[in-house]
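# Summary of the model geometry
Listed below are the residues making up each chain.
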Amino acid sequence: MMKTNIYHEYDGDLSLLKEKVIAVIGYGNQGRAQALNLRDSGLNVIIGNQDDNYKKRAEKDNFDTYSIENAIKKAQIFFILIPDEIMKEVFNDIIVPNLKEHDTVIFASGYNIAFNIITLPNNIDILLIAPRMIGIGVRECYLNRKGFFTFIGVHQDASGNAKENLLALSKGIGALIKGSIDVSFKQEAVLDLFNEQGFGPAFGQVLLKSMKTLIDAGYPPEAVLVEMFMSGEMSYTYEKMAQVGLVKQTNFHSQTSQYGSMSRGIKFRGISKEIEKKQKKILLDIESGKFAQEWEGKLSKLKFKFIKFFATRLSFAKTEETVRKSLGIPDYDLFTEIPYPTDEDIKKSKEIENDLKNFEDFYKEM
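Residues numbered from 1 in each chain as written. Predicted model: local features only at pLDDT ≥ 70, side-chain atom pairs only at ≥ 80, totals over all residues. Heavy atoms only, no water.

### Comments concerning the sheet that holds strand β7 (residues 125-131)
On the basis of which strands lie adjacent, the open sheet formed by nine strands has the order β1-β9-β8-β7-β6-β5-β2-β3-β4 and mixed pairing. The two strands at the open ends of the sheet, each matched to only one other strand, are β1 (6-7) and β4 (65-66). Relative to strand β9 (residues 180-182), β1 runs antiparallel, the two sharing two bridges. Within β9, the position partnered with Tyr 7 by the bridge is Ser 180. Sitting on the sheet, helix α8 (residues 185-216) touches β6 (104-107), β7 and β8 (150-156), and the angle it makes with β7 is about 30 degrees. (Pairing = 2+ DSSP bridges. Helix = DSSP H or I, 4+ residues; strand = E, 2+ residues; numbered from the N terminus. Contact = heavy atoms within 4.5 Å. Axes fitted to C-alpha atoms, helices over the stretch in contact; angles between N-to-C directions.)

### Observations regarding the environment of Lys 277
Following the sequence through the fold, Lys 277 ends up in helix α12 (residues 269-287). Residue class for Lys 277 comes out exposed when judged on its relative accessible area of 58%. Lys 277 sits 203 residues away from Lys 74 along the chain, and the two C-alpha atoms are 51 Å apart. (Buried < 20%, exposed > 50% of the residue type's maximum accessible area, 1.4 Å probe, protein only.)

### A closer look at the pairing of β7
Counting buried residues along β7, seven of its seven residues qualify, which places the element largely inside the surrounding structure. Because side chains alternate across β7, one face comprises the buried residues Asp 125, Leu 127, Ile 129 and Pro 131, and the other comprises Ile 126, Leu 128 and Ala 130, equally buried. The pairing of β7 with β8 spans six bridges and is antiparallel. Residue pairing in the sheet places Leu 128 in a bridge with Gly 153 of β8.

### Side note on the pattern of salt bridges
Evaluated as defined, the whole model comprises 14 salt bridges. In this structure, Glu 320 engages Arg 324 in a salt bridge whose closest nitrogen and oxygen atoms are separated by 3.2 Å. Of this pair, Glu 320 and Arg 324 both sit in helix α15 (residues 315-327), four residues apart, roughly one helical turn. Residue Glu 320 is classed as buried on the basis of its relative accessible area of 19%. Arg 324 sits in the partly exposed class, given a relative accessible area of 26%. (Salt bridge = Lys/Arg side-chain N within 4 Å of Asp/Glu carboxyl O.)

### Notes on the environment of Leu 99
Mapped onto the elements, Leu 99 comes out in the loop between α4 (84-95) and β6. As for Leu 99 and Ala 75, which are separated by 24 residues in sequence, their C-alpha atoms are 9.5 Å apart. Non-local contacts of Leu 99, meaning those with residues more than four positions away in its chain, are made with Ile 72, Phe 78, Val 105, Leu 120, Pro 121 and Ile 124.

### A look at unusual backbone geometry
Within the chain, Asn 62 stands out as a residue other than glycine whose phi angle is a positive 70 degrees. With respect to the helices and strands, the residue Asn 62 is situated in the loop between α2 (53-60) and β4. In this structure, His 102 takes a positive phi of about 70 degrees despite not being glycine. If you trace the backbone, His 102 turns up in the loop between α4 and β6.

### Description of the side chain of Arg 139
By secondary structure assignment, the location of Arg 139 is in helix α6 (residues 135-143). What makes Arg 139 buried here is its relative accessible area of 18%. If sequence neighbours within four positions are ignored, Arg 139 has contacts with Ala 33, Leu 36, Asn 37 and Asp 40.

### Description of a nonpolar patch on the surface
Taken together, the side chains of Phe 199, Phe 203 and Tyr 238 present a nonpolar region at the surface, about 270 Å² in accessible area. Residue placement: Tyr 238 occurs in helix α10 (residues 233-244). Given a relative accessible area of 41%, Tyr 238 falls into the partly exposed group. (Patch = residues over 30% accessible without salt bridge, like charges linked within 9 Å, V, L, I, M, F, W, Y side chains within 5 Å. Areas by Shrake-Rupley, 256 points an atom, 1.4 Å probe, with all protein chains shown as cover.)

Structure (C-alpha cells):
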C-alpha cells in the first residue's frame, strides 16, 4: 500500500500568491465561505457571478464583482464553485474561450474531470480542493482555527508550479489547519458518489424499516422518531466517532448498550453480506463511469423529477409531519430545485415507464 500524503499549515506558502488575482466563480455557500477565507488570508480576491441575489451579496460583502467572463479575463486563478449541472455549459461557452496560458483552475469536486464531462486546455493547471465540510462550516472552522479535512490533488501541471500553488491556495481557505489528503480527481469523485449511493441509501433503509417495525408494534410515533433520530443523539455519536474512533466511542455508552449492540451484530451477518454485494456493484458502476453516463443522459433529469415526486409521498413522510406538529417542531419550507412533473413530462415518461413503476412501488412500500 502506497503512503498517503497529508499536508498541514507549514506546507503552504501564501507569498507565492501575492501578485496573483484570484476569482471565485459562484458566490453560493461554498463560494462565499472560500472567498472570505482567501481574503482574510491576505489574498487578492474578486467574484465572478451572474446578475442575481448572490452577486448582490458579494457586493454587500465588499468584493469587486464581475460577470464570469470578465472575472476570467482579469484573474489568473479561478475557484469554480458553480453547480455540476451547469458546469459543462458555462465552461464551454464562457470559461474556456477566456483562459490564458498557465492559468489555474480549481475544482471543489472531481466529478466533471474524472468522468470526462468537460475537457480543458492542456496549457493550464487543473487543481482539486474539495472540503469535506459544508460552506458555513468552512467559514466557521477557519475563523475558530479548528479547520476541516479536505481532499486536494493536481490533475494537470502546465506551469511546473501546480503543487506549490495548490498548497498555498489550500492554506488560504483554511484547508491545511486540520489536514489535506492528497487524492486524484477520480478518487475524490468515486468516494463522494459511493458515500451518497452505497452508504446513504443502505443506512436510510435500515432507519426507515426500524421505525416502521416499532410503530407497527404499537409504540407511539413521537417516541419512536425521538428515539431513532430526532433527539440529536445520533449526531452526537457520529461526532464522538470522529473524535475518538468508531470502536472507542462505545465507551461513552452504558455496558448494557455495548453488550446489546455488539452481541446482536452477528444476527445481521447475512444481511451485511448482501449489502456488501450491492455496494460492490454500485462501486463498479461509479468507477466505470456507468453512473455518470446515466446521469448525463437525456432521460435522467426527467426520471429525477418523478423520483422526487414519489419520495414526497412516502407514507413515513405523513407520519413525520404529524409527529413534528405534535411535538411543536417548526415546519421548514425548503427550496427545491426539482419541480413536480408536468403534463409534458408525463407524455415523455413512456420511454422509462418500467423504471418509474419500480420507483413508485418502492416508495409505496416505505
